[in-house]
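Chain by chain, the residues run as shown.
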There are 4 protein chains.
Amino acid sequence: MTSEAHSESGPSATLPLLVRDFVDSQVIPREDALEAGERDSWEALRDRATAAGLWALPLPVEHGGGGLPLADYLALAELEGRSDYGPDALGSACLLTVRMLDAHAQRELRAALVPELVCGRAGSAYAMTEPGVAGSDPAGLRTTAVPDGSGGWIVTGRKWFITGAARADWVLVVARTGADLPVRQAFSILAVPTTAPGFRVVRELDVLGAGGQYEIAFDQVRVPGTHLLGAVGAGMTLAAERLALGRTLRALRWIGQAQRAVEQLARRATARRLGDGYLADRQLIQQLVFESELQVRSARLLATEAGTLVAAGAPARIEVSLAKTAAARALSTAVDAAIQVHGAEGLSTASGLPRLLRTARAARILDGSDEFHVSSTARRLLRDYSDTATMG
Amino acid sequence: MTSEAHSESGPSATLPLLVRDFVDSQVIPREDALEAGERDSWEALRDRATAAGLWALPLPVEHGGGGLPLADYLALAELEGRSDYGPDALGSACLLTVRMLDAHAQRELRAALVPELVCGRAGSAYAMTEPGVAGSDPAGLRTTAVPDGSGGWIVTGRKWFITGAARADWVLVVARTGADLPVRQAFSILAVPTTAPGFRVVRELDVLGAGGQYEIAFDQVRVPGTHLLGAVGAGMTLAAERLALGRTLRALRWIGQAQRAVEQLARRATARRLGDGYLADRQLIQQLVFESELQVRSARLLATEAGTLVAAGAPARIEVSLAKTAAARALSTAVDAAIQVHGAEGLSTASGLPRLLRTARAARILDGSDEFHVSSTARRLLRDYSDTATMG
Amino acid sequence: MTSEAHSESGPSATLPLLVRDFVDSQVIPREDALEAGERDSWEALRDRATAAGLWALPLPVEHGGGGLPLADYLALAELEGRSDYGPDALGSACLLTVRMLDAHAQRELRAALVPELVCGRAGSAYAMTEPGVAGSDPAGLRTTAVPDGSGGWIVTGRKWFITGAARADWVLVVARTGADLPVRQAFSILAVPTTAPGFRVVRELDVLGAGGQYEIAFDQVRVPGTHLLGAVGAGMTLAAERLALGRTLRALRWIGQAQRAVEQLARRATARRLGDGYLADRQLIQQLVFESELQVRSARLLATEAGTLVAAGAPARIEVSLAKTAAARALSTAVDAAIQVHGAEGLSTASGLPRLLRTARAARILDGSDEFHVSSTARRLLRDYSDTATMG
Amino acid sequence: MTSEAHSESGPSATLPLLVRDFVDSQVIPREDALEAGERDSWEALRDRATAAGLWALPLPVEHGGGGLPLADYLALAELEGRSDYGPDALGSACLLTVRMLDAHAQRELRAALVPELVCGRAGSAYAMTEPGVAGSDPAGLRTTAVPDGSGGWIVTGRKWFITGAARADWVLVVARTGADLPVRQAFSILAVPTTAPGFRVVRELDVLGAGGQYEIAFDQVRVPGTHLLGAVGAGMTLAAERLALGRTLRALRWIGQAQRAVEQLARRATARRLGDGYLADRQLIQQLVFESELQVRSARLLATEAGTLVAAGAPARIEVSLAKTAAARALSTAVDAAIQVHGAEGLSTASGLPRLLRTARAARILDGSDEFHVSSTARRLLRDYSDTATMG
């Protein structure tokens, strides 16, 4: 299978079917256990994914990944994302961190860390957001890394809404290394082992009742100089790089969940009798199907376009923002419609829909709020149109 | 206070302030405990409400209520409803059941039941909805009450999404008493003590993770003939009567919660610094304020109009449906906006907003789904316009 | 009739029916001729309105008006407004100007002008907006009135989108009289006869193809000091006063046209066969009815609330803005729905709907754009909420 | 140029720029004259387009067209469509008719007609819609073609909303040839010269004030048997074929006009000063840009997907419907936004925006109303999802 995934002739035609089937039959039925963090469930899934040749598909083949080029992985990202737990269950959740380490970590750190992450023996987290600072306002970040006088750094500060921090062995932290420099040069990224003295998980934060996000503290944590990623001051450049792909992949995952919601909606509408017909015969129900499908397809085309550009190395800021916003909306629309079609039963945890609703509501805030994307993208668009007009 | 509440000169001008203050300072800070069903918290609140002269304001004064006429109570219903637990904490949640018993129960039952309900010593539930039957499709109800041969009835069937059933001492159940009759004459309402053999709470149902709704079963429960409300076959007429007021009051409560969300939004927007200004300076935030306020005020005017008609005895079906729909939307809009303005913190249970989101999402399904109201109200409107045109 | 209109016992119960019937049977069928400015049609209508006792209902009875108090006129304003030409045809279009003159004109001017306006022998226009200046930005206005050294003024400048300027005998012009003063004290209002040398109608402006709006120029027009309204520098105060009522009345007229569109929609939906049923049976059509009706009723309640406050002398800025915005939206929604239900025929001038569409589209720009109202009202709301919180 | 257009190596990279530039610099500035039907303007444009090698790009090269394959033409269709008059001015408006004749006309008719249409010497119209029959209800069509006993047909009936009928030399008419057959086999298409006795242009219909659409009558028009397209009874099949491509091309043209509106919006927003900044600095204006761009890009991706499928011979009903609906909405959104940003000036004909508004409003009705597409597409989607579920 591994050989299939990175064969010369492109990704196997059956790979999408296999991934989709794995997520639908293995991951989705276990979402409660996975959310509860049951270690057995997680490990059983990893073993099954490995046996099925579906483990870590977009990760380097030399470390045990599938070796799938990023451009080929995009279509699979949606399918893995049909469950919020899919990417973790299939070993591709560490893709962003592995790419960052591959490109920017010093040799020794890279050699020690990447294989562990790819095979799932080590977990990692990425720590940027801070309490009391809007996610879209990097200038407000206050965590610092100051030289310890012997080539290393001392990290002090607090981060929150850090996904998976409690299970992480390493945290990549964005810290201010240049007090008076412009934002673009003021930050650096350091890899911090969670066993380092001074590192602490402060508390779990809930997101509409679900866990998995944490507040963490760095209390004068010493980090050797070899743990610096890229150059001193290059943090924001590295972060932006990661962000473009990160947003695109999350957008694809939201589209996967939106597609799942549309399918669940359709099943209910065609199965549910009402008077002398079916729910599916009602135009107001048909409208819910139509609007959901239209938004899901639009978001998929936009996210695929953005992903293709990002995979080719373009910054694609406008495309990524449009894709992110469209995907979050498509998920909101499709989940809301699916709940509506299920009536009171759709509000029940047993339907699986409240979990999707949680992701949907958070999607319009995380990864840059709607308002941030609307305003920053419009300014970029206006500048582009203005430039074109001047040149034309 | 009681004397104030039903004084000749109309409701006291300070009553709204007192109710609002009670809910904001006593109920809202205890919502976690109340949701968890902590008996101490509930009882402490009842005592305080009674001491403050705010207990059971719209209920008959001879049984310990405030004696406020329905028309005067409307404005207070919104304020009590600022918390989902307000009406229960202030003793007015039993208003619909007490009115039904007052108007239709046989003397003995009424005398036994009403004072207990008003003073909060007994709890009640109203059981209409059934598993697998759309709420808007009464023809599909299958619970039956058949004569037991000695003037009583034997009730068999299953109901679900029954609020407060686990704490209820009595359940008013809508049961089919005429197999082949048209819907309007096919049902009757019976008061069933929850201690009766054959009555059973099957399970708690969650609504987006919250409890308080139950599935209950009647397994050949014997009910004496004196427990019949109104005439045999009058069930749907009584239910429709109850529904009109019930929907209006719930609409007012949703508006109360929507107003609370707008206030919380405004507090955050004016307090939160962002760069060189405040969130409140951003037009996209201002738009969230504007749209929420517009919807809340519109819904309030519509619900007040509907309530005034209902209090005067008019069926007001169009007005009630428009008010219900507008209130559910206003709540959805305002809570969504408040969450958005709070960012990731708004997703956290600590902000109180996820609880409002739950109510908001359920509001578009409960009490007749949006789709039901749109379609049934439009048909009524088209008929009215058509009649007017013909006459004109 | 006049006696009826201002009788002690409030407005006659039949007055609304009479006004509505007059507009529907006399004005609406002649809209093409009225739009073309056919003098015969206008005069014939005035005679008929006078004969029916419906002329100038809210205007002072001593000058030939109906003497209806403002609060009583509000309900009629919607009915007159069912046609854009209704207020002119019924002699109430000059209400704003007459009120302004009554309150602020010097005695001689008032005596000369008011009776002429009320009886319809003279026409007037109100000139504030200027080319190249956003309507919401009074600071940008550049028309000036400078003292002529002998107690009079010399007016110079250009105004546009001035309704009815070509038929006006008098123009009330807002001109800058204090160059360096803050906006609140920088402007004055002067009554300029259109026969004055230097006054000129530059061109007719089209609004989506319709005329009736003009660009006008003041080229050193001399105006005697007796033509000043109120005090020097009081212009913006007078303008704000006029604006509050003006916006409310226009909102009511838009609601009248929205109601007319809903009725036309309903007629078509119930008359039009489609396959084995009627358009009215389709849920997507029912939805158009429901949403239109909901918006129209909401806007009516908001506008009535605003109007009642304005009639009582309150500034009611928030209420007026909400009413204006809601009315413009209700009209847009209802007209759009009516066109959609009529299909291609709804696009045809013969259906009357394109004329309503024109008004609807303009309504979201004129009288303060949506964006202006959203932003300015939200800021006011945030301030109010903030004050309340501080006090509370 | 012609050689460029159909070169082996695909369409020239500069072709899009040339087309766009031609439409922007030659067609758009002459829209008033073209709408007025000024023959000189039309002919001058045709000569210029021919000289520029841009005439009839997607039409057969042997008849004077550019020979561009359909798949390559799709990107140009949007650019030609930046003006409603672009396709006519560039000679590609007859594409649908030429393809129909090429595929289904008898040899003689094809030989006589196609070259005339391609070079622009003859005009044609396509007549399907009838008065009083919903466009989405072919079963209601009443125009008949009955055999004349000598191999020909006698056509009787009435059609309306027939584009360009007054300038047409030929009309392709859809007529019932099988009274009792199911719709699929009941109709045939005949080519009728507009000089035939009994053919008559009844009147011009306005679409929001614009002309170009006609009602036409066939009063026992005799048509020789050689003018039948395809087989007797194949009319609906041919019509469906034409419709898929027709809808896709019109969708692309609407996208072209939407893109034009976004550009005009951006120009205004960046040029217009307001207080101490520009309109472009306002978040509510930025939102208009963002939402318009998002919809335009989504619609473009959907329409390109649909067009590619249609060009490859797939029916692509779902894709075409989604693209059509999305394009109509994108145009409505972008034009509405552009008008809003221009304020009162945007309502003026001089801004060019009212013309786009006309097209936008009509787009939600023509080519199948929104309601038709929502309902028919949702039913198709529900069927597809249901089939997949059964198979899976």
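For clarity, every value in this text was computed on a predicted model and none was experimentally measured.

Draft legend 1. Local environment of the overall build of chain A. For chain A, the helix and strand inventory stands at 14 helices and 10 strands. Taken over C-alpha atoms, the radius of gyration comes to 22 Å for chain A, in line with the 21 Å a tight globule of 392 residues would show. Expressed as a percentage of the 392 residues in chain A, the buried residues total 54%. Nonlocal contacts in chain A, meaning residues at least 24 apart in sequence, comprise 69% of its contacts between residues at least 6 apart.

Draft legend 2. Spatial organisation of the environment of leucine 294 of chain A. Topologically, leucine 294 of chain A is positioned in helix H11 (residues 283-311). Here the alpha-carbon distance between leucine 294 of chain A and glutamate 241 of chain A, two residues 53 residues apart in the chain, equals 30 Å. Apart from residues no more than four positions distant in its own chain, leucine 294 of chain A is found in contact with Leu322, Thr325 and Ala326 of chain D.

Draft legend 3. Geometry of the interface of chain C and chain B. Taken residue by residue, the interface counts 31 residues in chain C and 31 residues in chain B. Secondary structure elements with two or more residues in the side of chain C that touches chain B: helix H10 (235-271), helix H11 (283-311), helix H12 (317-342) and helix H14 (370-391) of chain C. The element contributing the most residues to the side of chain C that touches chain B is H11 of chain C, with 12 residues. Across the side of chain C that touches chain B, the residue classes break down as 16 nonpolar, 9 polar and 6 charged.

Draft legend 4. Expanded view of the relation of the copies chain D and chain A. For the match of chain D to chain A, the screw axis carries a shift of 0.0 Å, the RMSD comes to 0.1 Å, and the turn is 180°. In symmetry terms, the pair is related by a two-fold rotation axis. Within chain D, serine 298 of chain D has its C-alpha nearest the rotation axis, a separation of 2.7 Å. Comparing interface residues between copies, 100% of those in chain D also lie at the interface in chain A; the contact surface is shared.

Draft legend 5. Region of interest: the pairing of strand S5 (residues 187-193) of chain A. All names here are of chain A. A large share of S5 lies buried, amounting to 6 of its 7 residues. Where strand S4 (residues 170-176) lies against S5, 7 bridges are found, and the strand directions are antiparallel. Bridge assignment links valine 171 to a residue of S5, and that residue is valine 192.

Draft legend 6. Highlighting unusual backbone geometry. All names here are of chain B. Even without being glycine, aspartate 367 reaches a positive phi, approximately 60°. By the element assignment, aspartate 367 lies in the loop between helix H13 (353-363) and helix H14 (370-391). For aspartate 367, a count of 22 C-beta atoms within 10 Å corresponds to the buried category.

Draft legend 7. Structural context of the relation of the copies chain C and chain B. Expressed as a screw operation, the relation of chain C to chain B combines 0.0 Å of axial shift with a rotation of 180°, fitting to an RMSD of 0.0 Å. Interface residue correspondence from chain C to chain B reaches 100%, placing this contact among same-surface, isologous pairings.

Draft legend 8. Looking closely at the nonpolar core. Grouped together as the largest cluster of nonpolar side chains are 512 residues, with contacts concentrated most on Leu190 of chain A, Leu190 of chain B, Leu190 of chain C together with Leu190 of chain D. With sequence-adjacent residues up to four places away left out, leucine 190 of chain C is seen in contact with Ala145, Trp153, Val155, Val173, Ala175, Val223, His227, Leu228 and Leu229 of chain C.

Draft legend 9. Structural detail: the confidence of the model for chain A. Residues and elements named next belong to chain A. In this model, chain A carries a mean pLDDT of 93, and residues with pLDDT of at least 70 account for 96%. The low-confidence segment residues 1-9, where pLDDT is below 50, has 19 contacts with residues more than four positions distant or belonging to other chains. In the model output, the complex is listed with pTM 0.95 alongside ipTM 0.94.

Draft legend 10. Structural view of the packing of helix H7 (residues 95-104) of chain D against helix H10 (residues 235-271) of chain D. All names here are of chain D. It is at 10 Å that the axes of H7 and H10 come closest, and there the two elements cross at 145°. Where H7 crosses over H10, the two elements pack in a sense that is right-handed. Between H7 and H10, the contacting residues are Leu96, Met100 and His104 on the first element and Leu238, Arg242, Leu245 and Gly246 on the second. When grouped by side-chain class, the residues that make up the contact of H7 with H10 number 4 nonpolar, 2 polar and 1 charged.

Draft legend 11. The arrangement of the interface of chain D and chain A in detail. Contact residues are listed per partner, giving 31 residues for chain D and 31 residues for chain A. Elements with a contribution of two residues or more to the side of chain D that touches chain A: H10, helix H11 (283-311), helix H12 (317-342) and helix H14 (370-391) of chain D. Considering every element that reaches the side of chain D that touches chain A, the biggest residue donor is H11 of chain D, with 12 residues. Across the side of chain D that touches chain A, the residue classes break down as 16 nonpolar, 9 polar and 6 charged.

Draft legend 12. Structural context of the UniProt feature "domain: Acyl-CoA dehydrogenase/oxidase C-terminal" (unreviewed entry) in chain A. The residues that UniProt annotates with the feature "domain: Acyl-CoA dehydrogenase/oxidase C-terminal" (unreviewed entry) are residues 233-382 of chain A. Taken end to end, residues 233-382 of chain A is 77% helix and 3% strand, and its two terminal C-alpha atoms sit 30 Å from one another.

Draft legend 13. Representation of the environment of glycine 209 of chain D. Within the secondary structure layout, glycine 209 of chain D lies in the loop between strand S6 (199-207) and strand S7 (210-223). Residue classification places glycine 209 of chain D among the partly exposed positions, given that 17 C-beta atoms sit within 10 Å. Along the backbone, glycine 209 of chain D and arginine 355 of chain D are 146 residues apart, and their C-alpha atoms lie at a distance of 9.7 Å. Aside from chain neighbours lying at most four places away, what touches glycine 209 of chain D is Gly209, Thr349 and Pro354 of chain C.

Draft legend 14. Structural detail: the packing of H10 of chain D against H12 of chain D. Residue and element names in this part refer to chain D. Interaxial distance between H10 and H12 falls to 8 Å at its minimum, and their mutual angle equals 20°. Our classification of the angle between H10 and H12 gives roughly parallel. Seen from above, H10 lies across H12 with left-handed handedness. Split by residue class, the contact of H10 with H12 holds 20 nonpolar, 4 polar and 3 charged.

Parameters and conventions
Residues numbered from 1 in each chain as written. Chains lettered and ligands numbered in written order. Predicted model: local features only at pLDDT ≥ 70, side-chain atom pairs only at ≥ 80, totals over all residues. Helix = DSSP H or I, 4+ residues; strand = E, 2+ residues; numbered from the N terminus. Rg over C-alpha atoms; globule rule 2.2 N^0.38 Å. Buried ≥ 20, exposed ≤ 12 C-beta atoms within 10 Å, placed from the backbone. Contact = placed C-beta atoms within 7 Å. Nonpolar A, V, L, I, M, F, W, Y, C, P; charged D, E, K, R; others polar. Least-squares fit on C-alpha atoms with pLDDT ≥ 70 in both. Pairing = 2+ DSSP bridges. Core = buried A, V, L, I, M, F, W, Y, C linked by C-beta atoms within 7 Å. pLDDT = per-residue confidence, 0-100. Axes fitted to C-alpha atoms, helices over the stretch in contact; angles between N-to-C directions. Left-handed = near helix turned anticlockwise from the far one by under 90°. UniProt positions renumbered as here; feature names shortened; annotations may be inferred. Parallel < 35°, antiparallel > 145°, perpendicular 65-115°, else oblique.

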